Amino acid sequence: MDATLALIGFGEAGSTFAKAAGWEAGALAYDINPARRAVMEEAGVVACATAECALTSADFALSLVTADSALPAARDYAGLLKAGAIWCDMNSVAPDTKRAAAKAIEAAGGRYVDVAVLAPVHPARMNVPLLLAGHAAADAEALLREAGFANVRIVGAEIGRASAIKMIRSIMVKGIEALTAEMMLAASAAGVVDEVLASLDASEKRESWTVRAAYNVERMTTHGIRRAAEMEESCKTLESLGIEPVMTSGTVRRQREQAGKTIAFKPERTEVA
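A brief structural summary. (Residues numbered from 1 in each chain as written. Predicted model: local features only at pLDDT ≥ 70, side-chain atom pairs only at ≥ 80, totals over all residues. Heavy atoms only, no water.)

Some details on the pattern of salt bridges
For step 1, the next point in the chain: With the rule as written, the count across this model stands at 15 salt bridges.
For step 2, the next point in the chain: Across the salt bridge formed by Glu230 and Lys174, the nearest N and O atoms sit 3.2 Å from each other. With Glu230 in helix 10 (residues 209-240) and Lys174 in helix 8 (residues 161-190), this residue pair connects regions lying 56 residues apart in the sequence.
For step 3, the next point in the chain: The residue Arg219 makes a salt bridge to Glu218 at a minimum N-O spacing of 2.9 Å.
For step 4, the next point in the chain: What you see here is one network of salt bridges that share partners, running through Asp96, Arg99 and Glu158. (Salt bridge = Lys/Arg side-chain N within 4 Å of Asp/Glu carboxyl O. Helix = DSSP H or I, 4+ residues; strand = E, 2+ residues; numbered from the N terminus.)

Some words on helix 10
For step 1, the next point in the chain: For helix 10, which comprises 32 residues, the first-to-last C-alpha distance of 34 Å sits more than 12% below the rise-based estimate of 46 Å (1.5 Å per residue).
For step 2, the next point in the chain: Residue His223 marks the point of greatest curvature in helix 10, where the axis turns by about 90°.
For step 3, the next point in the chain: Positive backbone phi, approximately 80°, marks Gly242, located one or two places after helix 10. (Expected span 1.5 Å × (residues − 1). Bend = angle between axes of the 7 residues up to and from the residue.)

Section: the pairing of strand 4 (residues 60-63)
For step 1, the next point in the chain: Side chains of strand 4 alternate between two faces, with Phe60 and Leu62 and Ala61 and Ser63 buried alike.
For step 2, the next point in the chain: Summarising the sheet, strand 1 (residues 5-8) and strand 4 pair through four bridges and their orientation is parallel. For Leu5, the partnering residue across the bridge sits in strand 4 and is Phe60.
For step 3, the next point in the chain: Of the pairings in the sheet, the one linking strand 4 to strand 5 (residues 86-89) comprises four bridges and is parallel in character. Bridging from a neighbouring strand, Leu62 pairs with Cys88 of strand 5.
For step 4, the next point in the chain: Tracing the backbone out of strand 4, into helix 4 (residues 70-77) and back to the parallel element strand 5 gives a crossover that is right-handed. (Buried < 20%, exposed > 50% of the residue type's maximum accessible area, 1.4 Å probe, protein only. Pairing = 2+ DSSP bridges. Right-handed = clockwise from strand over helix to strand, strands pointing away.)

Here we look at the side chain of Glu233
For step 1, the next point in the chain: Relative to the helices and strands, Glu233 is located in helix 10.
For step 2, the next point in the chain: With relative accessibility at 6%, the residue Glu233 sits in the buried group.
For step 3, the next point in the chain: Among the polar contacts made by the side chain of Glu233, one reaches the main-chain amide nitrogen of Ala94 at a distance of 2.9 Å.
For step 4, the next point in the chain: Leaving out residues up to four positions away in the same chain, Glu233 has contacts with Ser92, Val93, Ala94, Thr97 and Met167. (Polar contact = N/O pair within 3.5 Å; in protein donor to acceptor, adjacent residues only side chain to side chain. Contact = heavy atoms within 4.5 Å.)

Here's the deal with the packing of aromatic side chains
For step 1, the next point in the chain: Enumeration according to the criterion identifies three aromatic pairs in this entry.
For step 2, the next point in the chain: Aromatic side chains Phe17 and Phe149 sit 5.0 Å apart centroid to centroid with 80° between the ring planes, which places their arrangement in the edge-to-face category. With a gap of 132 residues between them, Phe17 in helix 1 (residues 12-21) and Phe149 in the loop between helix 7 (137-146) and strand 8 (152-156) connect regions that are remote in the sequence.
For step 3, the next point in the chain: Phe17 sits in the buried class, given a relative accessible area of 0%.
For step 4, the next point in the chain: Taking the centre distance of 6.2 Å and the plane angle of 90° together, the rings of Tyr30 and Tyr77 count as edge-to-face. (Phe/Tyr/Trp six-rings, centres within 6.5 Å; stacked < 30°, edge-to-face > 60°.)

Concerning a nonpolar patch on the surface
For step 1, the next point in the chain: A contiguous nonpolar surface patch, about 270 Å² in accessible area, is contributed by Ile168, Leu241 and Ile243.
For step 2, the next point in the chain: Considering the arrangement of structural elements, one finds Ile168 in helix 8.
For step 3, the next point in the chain: Relative accessible area serves as the criterion here: at 42%, Ile168 is assigned to the partly exposed category. (Patch = residues over 30% accessible without salt bridge, like charges linked within 9 Å, V, L, I, M, F, W, Y side chains within 5 Å. Areas by Shrake-Rupley, 256 points an atom, 1.4 Å probe, with all protein chains shown as cover.)

Set out below in structure tokens:
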């Protein structure tokens, strides 16, 4: 990779990409949490103590922070980018949030690209689907492909278009997880887990609901806080379209409340007379 890459945020996504792509010294990484430096060193990238260290020489940057930090990161670090550098905002936030971030980046002389990540980074890694939007999307696509991303597609020049696809899709994806948790809490309390799941299996055979229920609930247990923040952005997306986010607001609450908690799927007892 000839271009210099900066990684802003080195959580699950950043560390997964770095290890899968083998960027090593071709990438400089910064995370607000100093404890992540050990993970950076393990991945072989240049571990930076400051955002300035990571950004000042970078040709493009991947912003991989939490949803609530996406706009502050763009505003705080815009002035550190060299002229013409591309800020790839890969965070799951509303179109309006991305447009506000774009203003900050472009006002400082950088170029902004709205990037939507459409699948979990595990197990897809560098094959994870990426949608790009913005006037610099073509240049960003070339840089991302050079960096090893294999599934990249431009969806338009308007900032927020990629994010709109992601946020609206998330209403279904994360909503199903929240509904599953609510269903399983009730089924477990009523002692009818097997019957409920069997009934769902009978009406939809593509995948066992025993498997699907466990997967959906695990997603919330492990990632509920992050997903709740993302779904708050989906609420903003709906509101910007003039739609009241009735169910999506409930999904935010359920994702947040379920974070870190497990649902015990107790086997049903068969009474013998």
